[in-house]
Amino acid sequence: MSDYYIRTPEDNESRGPFDVTKLRTLAEAGQLSENTLYYDEDKEEWIPIALNEALRLEIFPVREKLKLSLKEREASQNTSERDGENTVEVEDLLEAADGNTEQKRHLKKKEKSYQRAAALSSSGLGLMVLFSAVSLIMPHFAMVSQAIEEEAYATVVNYPFLMLGFFDFLMAIFLFLAVTEVYPLLRGRAMLTLGFGVYVGWALGDPLLMIASGGAGAGIFLATISRGLPSMLIALILGLGGNGFLAYLALQDRFKDFFEVVAFELITK
C-alpha cells in the first residue's frame, strides 16, 4: 500500500507519510478535504485528491442511496387491505450502479474545469511574466550594453527595476517548465505590480498606465489561485492584456526617462 505526503493549497509545509487508512481517518475527523494536495511521485507535483478518482474513492467512499417508496395497494371488496410493499425505483438503481448520480456528475464537471484551468495556468503565467520582464529590461537596454562594453557587470545592481526584470525572466523559465512551487513568489510579485504600478501611473497622470498595471498585477495573482476555467480565462485576459501593453509601452521608450532616474550608487565602475 502506497504512502502519501499531503498539504493544503495555502500551506507549503507537508505532512506524512500516511497510508490510505490514516488518510481516511483524517478525512472523517475533518482534517482532510478533496481539495487537499498530495504529492504524485510519477508526475513530481502536488495534485488535489479530487483529481485522483481512485484515491478519492478510497478516502471518501461514496455511499449511494437507493430511493425506496412505499405504495399502498387497495384491497378488493372481498379482501382486506394488504401491507404496502417496498418498491425500488429502477432508474435510480441503475444510475447508482453506473455511478451516474447528480453528485458525481457535478464533481466530474468541476474536475474537468480544474484540469483545463491547470493546463492553462503555467503557460499563461509564463507569458504574463515574460511580458513583464520585457517591460522592465528593455528600458535598461542601453545601460546593460554600456556595462558589457566596459566590463562593469556588477553595476547592473544599481538599477532595481532591471534586477526585477531579470527576476521575472527567471520566473518565466520556471513557469514554462511547470514549476508550480514559484506561485507564492508570484503572488507577492503581483502585489508589487498592482500597488507600485498603479501609483506610478497616478503620479505621472497616465490613466492607461494605471489600468495596464492594475490588470497586469491582478491577472498574475488570480492565475495563481484559480481553480476553475472561467476564473482562469479572466486571469489570462487581465494578465496578458496588462503585461502585454506594458511591454508595448516599453518598446516605445515610454519608460526610459523614468527608469534612468530610479538608480542607486551601490557599485561604481
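In this text, all values refer to a predicted model and were calculated from it rather than measured experimentally. (Residues numbered from 1 in each chain as written. Predicted model: local features only at pLDDT ≥ 70, side-chain atom pairs only at ≥ 80, totals over all residues. Heavy atoms only, no water.)

## Quick word on the nonpolar core
Step number 1: Counting residues in each nonpolar core, the largest one holds 16 residues, and the members touching the most others are Leu125, Val129, Leu175, Leu186 and Ile220.
Step number 2: Mapped by element, the contributors of at least two residues to this core are α4 (102-137), α6 (160-176), α7 (183-203), α8 (207-225) and α9 (229-251).
Step number 3: Beyond its immediate sequence surroundings of up to four residues, Leu186 is in contact with Leu125, Val129, Met171, Leu175, Ile220 and Thr224.
Step number 4: Residues Phe18, Ala27, Tyr38 and Ile47 belong to the second largest nonpolar core, which totals 14 residues. (Core = buried A, V, L, I, M, F, W, Y, C linked by side-chain atoms within 4.5 Å. Buried < 20%, exposed > 50% of the residue type's maximum accessible area, 1.4 Å probe, protein only. Helix = DSSP H or I, 4+ residues; strand = E, 2+ residues; numbered from the N terminus. Contact = heavy atoms within 4.5 Å.)

## Observations regarding the packing of α7 against α8
Packed helix pairs are characterised by how far apart their axes lie and by the angle those axes make with each other.
Step number 1: Contact pair α7 / α8: the axes reach a minimum separation of 8 Å and the direction vectors enclose 165°. Classified by the angle their axes make, α7 and α8 are roughly antiparallel. Seen from above, α7 lies across α8 with left-handed handedness. Only Leu209, Met210, Ser213, Gly214, Ala216, Gly217, Ala218, Ile220, Phe221, Thr224 and Ile225 of α8 make contact with α7, whose side of the interface consists of Tyr183, Leu186, Arg187, Ala190, Met191, Thr193, Leu194, Gly197, Val198, Val200, Gly201 and Trp202.
Step number 2: A class-by-class count of the residues in the contact of α7 with α8 yields 15 nonpolar, 7 polar and 1 charged. (Axes fitted to C-alpha atoms, helices over the stretch in contact; angles between N-to-C directions. Parallel < 35°, antiparallel > 145°, perpendicular 65-115°, else oblique. Left-handed = near helix turned anticlockwise from the far one by under 90°. Nonpolar A, V, L, I, M, F, W, Y, C, P; charged D, E, K, R; others polar.)

## What to know about unusual backbone geometry
Step number 1: With a phi close to 65°, Ala178 is a non-glycine residue in the positive phi region.
Step number 2: Note on Ala178: relative accessible area 42%, which makes it partly exposed.
Step number 3: Notably, Asp253 is not glycine yet its phi reads approximately 65°, a positive angle.
Step number 4: Inspection of the secondary structure puts Asp253 in the loop between α9 and α10 (256-261).

## Some details on the packing of aromatic side chains
Step number 1: Using the criterion set out here, one finds 5 aromatic pairs in the structure.
Step number 2: Centroid distance Tyr39 to Trp46: 5.3 Å. Interplanar angle 65°. Geometry classified as edge-to-face.
Step number 3: Aromatic rings pair up to connect Phe161, Phe196, Tyr199 and Trp202 into one cluster.
Step number 4: Of note, Arg7 hangs over the ring of Trp46, and the distance from its end group to the ring centre comes to 4.8 Å. (Phe/Tyr/Trp six-rings, centres within 6.5 Å; stacked < 30°, edge-to-face > 60°. Lys NZ or Arg CZ within 6 Å of the ring centre and 35° of its normal.)

## Focus: the pairing of strand β1 (residues 4-7)
Step number 1: As paired elements, β1 and strand β2 (residues 15-18) share 2 bridges and run antiparallel to each other. Opposite Ile6, over in β2, you have Arg15 as the bridge partner.
Step number 2: Note that β1 and strand β3 (residues 37-40) share 2 bridges and pair antiparallel. Bridge assignment links Arg7 to a residue of β3, and that residue is Leu37. (Pairing = 2+ DSSP bridges.)

## Here's the deal with the packing of α8 against α9
Step number 1: Running from amino to carboxyl end, α8 crosses α9 at an angle of 140°, the nearest separation of the two axes being 7 Å. The orientation of α8 relative to α9 falls into the category oblique. The way α8 lies across α9 gives a crossing that is left-handed. Taking contact as the criterion, the partners of Leu208, Leu209, Ala212, Ser213, Gly215, Ala216, Ala218, Gly219, Ile220, Leu222 and Ala223 in α8 are, on α9, Ser231, Met232, Ile234, Ala235, Leu238, Gly239, Gly242, Asn243, Phe245, Leu246 and Leu249.

## Considerations on the pattern of salt bridges
Step number 1: For the structure on display, the rule yields 2 salt bridges.
Step number 2: Of the charged contacts, one joins Arg189 and Asp168 as a salt bridge, the two residues approaching to 2.8 Å between their closest N and O atoms. One end of the pair, Arg189, is in helix α7; the other, Asp168, is in helix α6, and 21 residues separate them in sequence. The residues Arg189 and Asp168 share a single accessibility class, namely buried. (Salt bridge = Lys/Arg side-chain N within 4 Å of Asp/Glu carboxyl O.)

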